Amino acid sequence: MEVSINLETNVESVVLQPDYYLSNFKILLSFVADRYSFLLSEKESRFYKTFSCLSADAQKLLTRCYMRKGQLFRLDKLNYTEINDKDEALKELINANLVSELESQSVADWITLFNKAELVKAFNKSEWKNFKRKELELFVIEFCENHDIPQAIIDHTILFVPSDNFETYRLLFFGNLRQDLTEFVLQDLGLMTYESYSISDKSLAIKNRDEIDALKTLHELSELIHSRPEWTPELMDQAIERIPQLQSQSTLYLRRRSKIIYALARENERMGEYARAAEMYPQSQHELARERYIRCLEKLNKPELAWYELQKLDAEATSFHDKSFVLTFEKKLAKRLRETVKNRTSFYIEEQAIQLSRSQRSVELDVCDWLAQQGGVAYWTENSVFNTLFALIYWQGIFEDIEGAFYNPFQTQPADIYEPLFITRRESTLLKIRQLFQDGSCFRSHIRDTYQSKYSLACSFAHWQMVDAELLDTLLEKVPFSDMDKITQRILSSPKEFRSGQPDLIYFDNNGNYELIEVKGPGDRLQNNQKAWFDFYQKNNIPHRVIRVIYDD
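Our subject in this report is the structure included herewith. (Residues numbered from 1 in each chain as written. Predicted model: local features only at pLDDT ≥ 70, side-chain atom pairs only at ≥ 80, totals over all residues. Heavy atoms only, no water.)

**What to know about the overall build of the chain**
Rules: Secondary structure follows DSSP: runs of H or I at least 4 residues long count as helices, runs of E at least 2 residues long count as strands, and numbering of each begins at the N terminus. Working definition: with a 1.4 Å probe on protein chains only, accessible area under 20% of the residue-type maximum means buried, over 50% means exposed, and in between means partly exposed. Where accessible areas are quoted, they stem from the Shrake-Rupley method and a 1.4 Å probe; at the residue level, only the protein chains shown are allowed to cover.
Of the regular secondary structure elements, the chain holds 26 helices and eight strands. Taken along its principal axes, the extent of the C-alpha atoms in the chain is 75 × 60 × 55 Å. The buried share of the chain, taken over its 553 residues, is 48%. By element, 47% of the accessible surface of the chain is carried by carbon and sulfur atoms, the whole surface being about 28,800 Å².

This is the structure:
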């Protein structure tokens, strides 16, 4: 997720209270308890009541544990000056069944809690000090299979702090398990400020208990996939078996389930399990699922079915990626099946080749220097410029109070921004904004006013550091507002598809003209989302160019 941070904030001037995190934790708990009480289990409701009755020290200690990674902690590492009596706080938490001392002597439970030097010293094995971490852990495990665990390890008190209750509260508050209490801290420090919007009682991210359990499972599967495990048939079977089969219309659930199915299907495809991948891809709404499904059918020696699915995709394709895939893959299948291929106009763009001396910098900056020598100035901005302009133009619509769009105070975009009804729900507001384009001066004033009033507010489309006031003035002076209208309206039509793929550079020459330039180094090629933009520029007479760099060494 892209976010905008105001780096000009003087963090040193912000003084947080020692127990700042406790206040934030209480806000999170009470927010969920008030809005989602009907979804909380008896155990989760009891957790909130029990926490509220704890002493301040016990509340601080438990919250500190939740802020750390994992559920196992060494007591000697939990040292916080704002906690007056850690031992009494721990007793209170143990008596409340919120924390327990780990009794298991399993190596897997405690090995990650000790650093390399501590393990070498505890086991009195100086020869282990040169081992890499994973290698060291293998030696420790093997040693403990045949020997007693050293007293130096046993003497440490290891705490087990179950996080299942807190995870439910966190999921209901944020709508995901990626965000945590750090969001509060960034706001407290002034590093992140959010737009003000109303959160009605009807704006709930999750509406039934089954969705909570399903979203937790999907998060665990996502963590597994991102850990890049060595996939075995057994591990894959277990992962697929865990995919929730919930009959729900929740876009939050459906979108995440679709991503997990696609990711696991892709892993099966990489493993050569094309039949299983072909079974899974049709269950996913991922934008690449249909392409991968057709490729698997071809691998499974089912060219007729692959051709049938390709023709369906051709008739229904709306994205440039799908159209490009049809264009290239149908030639392969047609040759195999002796089918006739339609006459299609393929995408082509001429490249300008330039020869440069290799530097230690990026190829984009090398081209910026080369362009400066031609006269004018180039900015390396990639997707920043027109995404920021999109945010400035349509800010009122993006952050409009629409039921279900906002369900926590830390959102950088509405929950429905990638849904088909995003525009329909805001039709009246967007129409008023569109009317500004009839007058260039009003349009420019609108952008400047929004920039001044919203600068530094977190928005996933606004890149405040890349588009400063000087660059904004240059854009408004040299980019025709009709071009801005076309480009930002395209982003509005499908924010997910068109927020990426825009050219690397925006170039302003000495004659008052501008140009969008994609830079390619040796071996680089245009990606489909980049081709989609250049196709759009060609059709709309928007100045553009691809520069191919050839190094003279």
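Additional details are given in the paragraphs that follow.
**Focus: the packing of helix H2 (residues 42-53) against helix H9 (residues 164-174)**
Applied cut-off: The axes are straight lines fitted to the C-alpha atoms, using for helices just the contacting stretch, and the angles between their N-to-C directions are given from 0 to 180°. Under this scheme an angle from 65 to 115 degrees is roughly perpendicular, one under 35 degrees roughly parallel, and one over 145 degrees roughly antiparallel; angles in between are oblique. Any two residues whose heavy atoms approach within 4.5 Å are treated as being in contact. Any residue that is not Ala, Val, Leu, Ile, Met, Phe, Trp, Tyr, Cys, Pro, Asp, Glu, Lys or Arg is counted as polar, Gly included; the first ten are nonpolar and the last four charged.
Two elements in contact, H2 and H9, have axes separated by 10 Å at closest approach and are oriented at 90 degrees. Taken together, the axis directions place H2 and H9 in an arrangement best described as roughly perpendicular. The segment H2 lies against H9, with Lys43, Glu44, Ser45, Phe47 and Tyr48 engaging Asp164, Asn165, Thr168 and Tyr169. Taken together, the residues of the contact of H2 with H9 break down into three nonpolar, three polar and three charged.

**Here we look at the nonpolar core**
Put simply, the rule reads: To form a nonpolar core, buried Ala, Val, Leu, Ile, Met, Phe, Trp, Tyr and Cys residues must be joined to one another through side-chain atoms within 4.5 Å.
If you look at the biggest cluster of nonpolar residues, it comprises 83 residues, and the most contacted ones within it are Leu28, Leu62, Ile206 and Leu264. The element that contributes the greatest number of residues to this core is helix H13 (residues 251-270), accounting for eight residues. In contact with Leu264, other than residues within four places in its own chain, are Ile225, Trp231, Met236, Ala239, Ile240, Ile243 and Met280. Listed in part, the 51 residues of the second largest apolar core include Ala405, Phe406, Cys459 and Tyr537.

**Concerning the packing of aromatic side chains**
What counts is decided by this rule: Note on aromatic pairs: the rings of Phe, Tyr and Trp (six-membered ring only in Trp) are paired at centre separations within 6.5 Å, and the planes decide the class, stacked below 30 degrees, edge-to-face beyond 60, tilted for the rest.
Inspection of every chain in the model, using the stated rule, returns 40 aromatic pairs. Between Phe173 and Phe410 the ring centres are 6.1 Å apart and the planes differ by 50 degrees, which places this aromatic pair in the tilted class. Remark: Phe410 occurs in the loop between helix H19 (384-398) and helix H20 (422-425) and Phe173 occurs in helix H9; sequence separation between them is 237 residues. Grouping residues by exposure puts Phe173 and Phe410 together as buried. Arranged with centres 4.9 Å apart and planes meeting at 35 degrees, the rings of Trp395 and Phe399 form a pair that is tilted. Neither Trp395 nor Phe399 differs from the other in exposure class; each is buried.

**Considering the pattern of salt bridges**
Heads up, the condition is: A pair is scored as a salt bridge if a Lys or Arg side-chain nitrogen falls within 4 Å of a carboxyl oxygen belonging to Asp or Glu.
Summed over all chains, the structure comprises 33 salt bridges. Residue Glu220 is joined to Arg242 by a salt bridge in which the shortest nitrogen-to-oxygen separation is 2.3 Å. Here Glu220, found in helix H11 (residues 209-226), pairs with Arg242, found in helix H12 (residues 233-242); they are 22 residues apart in sequence, far enough to count as distant. Judged by its relative accessible area of 37%, Glu220 falls in the partly exposed class. Under the relative-accessibility criterion, Arg242 is labelled partly exposed at 38%. A salt bridge links Arg295 to Glu291; the shortest N-O distance between them is 2.8 Å. Of this pair, Arg295 and Glu291 both sit in helix H15 (residues 289-299), four residues apart, which is roughly one turn of the helix.

**Remarks on empty space enclosed by the protein**
Counted only if it meets this: Cavity and pocket criteria rest on a 1 Å grid covering protein atoms alone: a 1.4 Å probe that fits but cannot get out defines a cavity, protein on both sides within 12 Å along at least 5 of 7 lines defines an open pocket, and an atom within 4 Å of a point defines a lining residue. Grid points are joined across faces, edges and corners, and a volume is the space filled by probe spheres set on the points.
Per the counting criterion, the structure on display carries one cavity of 30 Å³ or more. Approximately 60 Å³ is the volume found for the largest cavity. Lining the largest cavity, in full, are Thr381, Glu382, Val385, Phe386, Gln502, Pro503, Leu505, Ile506, Leu516 and Tyr537. Broken down by secondary-structure element, the contributors of at least two residues to the lining of the largest cavity are H19 and strand S6 (505-508).

**Some remarks on the layout of surface pockets**
Within this model, the second largest pocket holds a volume of roughly 790 Å³. Broken down by secondary-structure element, the contributors of at least two residues to the lining of the second largest pocket are H15, helix H17 (320-337), helix H25 (495-498) and helix H26 (528-539). In terms of residue count, the dominant contributor to the lining of the second largest pocket is H17 (nine residues). Considering only residue class, the lining of the second largest pocket consists of nine nonpolar, eleven polar and twelve charged.

**Comments concerning the sheet that holds strand S1 (residues 72-74)**
The strands making up a sheet are joined through hydrogen bonds of the backbone, oriented either antiparallel or parallel. Rule in force here: Whether two strands pair depends on DSSP finding at least two bridges between them.
Reading across from one edge, S1-S3-S2 is the order of the three strands in this open sheet, with antiparallel pairing throughout. The two strands at the open ends of the sheet, each matched to only one other strand, are S1 and strand S2 (100-101).

**Some thoughts on unusual backbone geometry**
Even without being glycine, Asn97 reaches a positive phi, approximately 60 degrees. Relative to the helices and strands, Asn97 resides in the loop between helix H4 (86-95) and S2. Of the residues examined, Asn97 reaches a relative accessible area of 68% and is grouped as exposed. The phi dihedral of Asn301 is positive, around 60 degrees, even though this residue is not glycine.

**Quick word on the environment of Tyr21**
Applied cut-off: What qualifies as a polar contact is a pair of N or O atoms within 3.5 Å, subject to a donor-acceptor requirement within protein and to the restriction that residues adjacent in sequence count only when both atoms come from side chains.
With respect to the helices and strands, the residue Tyr21 is situated in helix H1 (residues 20-35). Put simply, Tyr21 and Pro503 are 482 residues apart on the chain and 42 Å apart in space, counted from C-alpha to C-alpha. Beyond its immediate sequence surroundings of up to four residues, Tyr21 is in contact with Lys60, Thr63, Arg64, Met67 and Glu82. Within the local environment of Tyr21, its side chain forms a polar contact with the side chain of Glu82, the two groups lying 2.5 Å apart.

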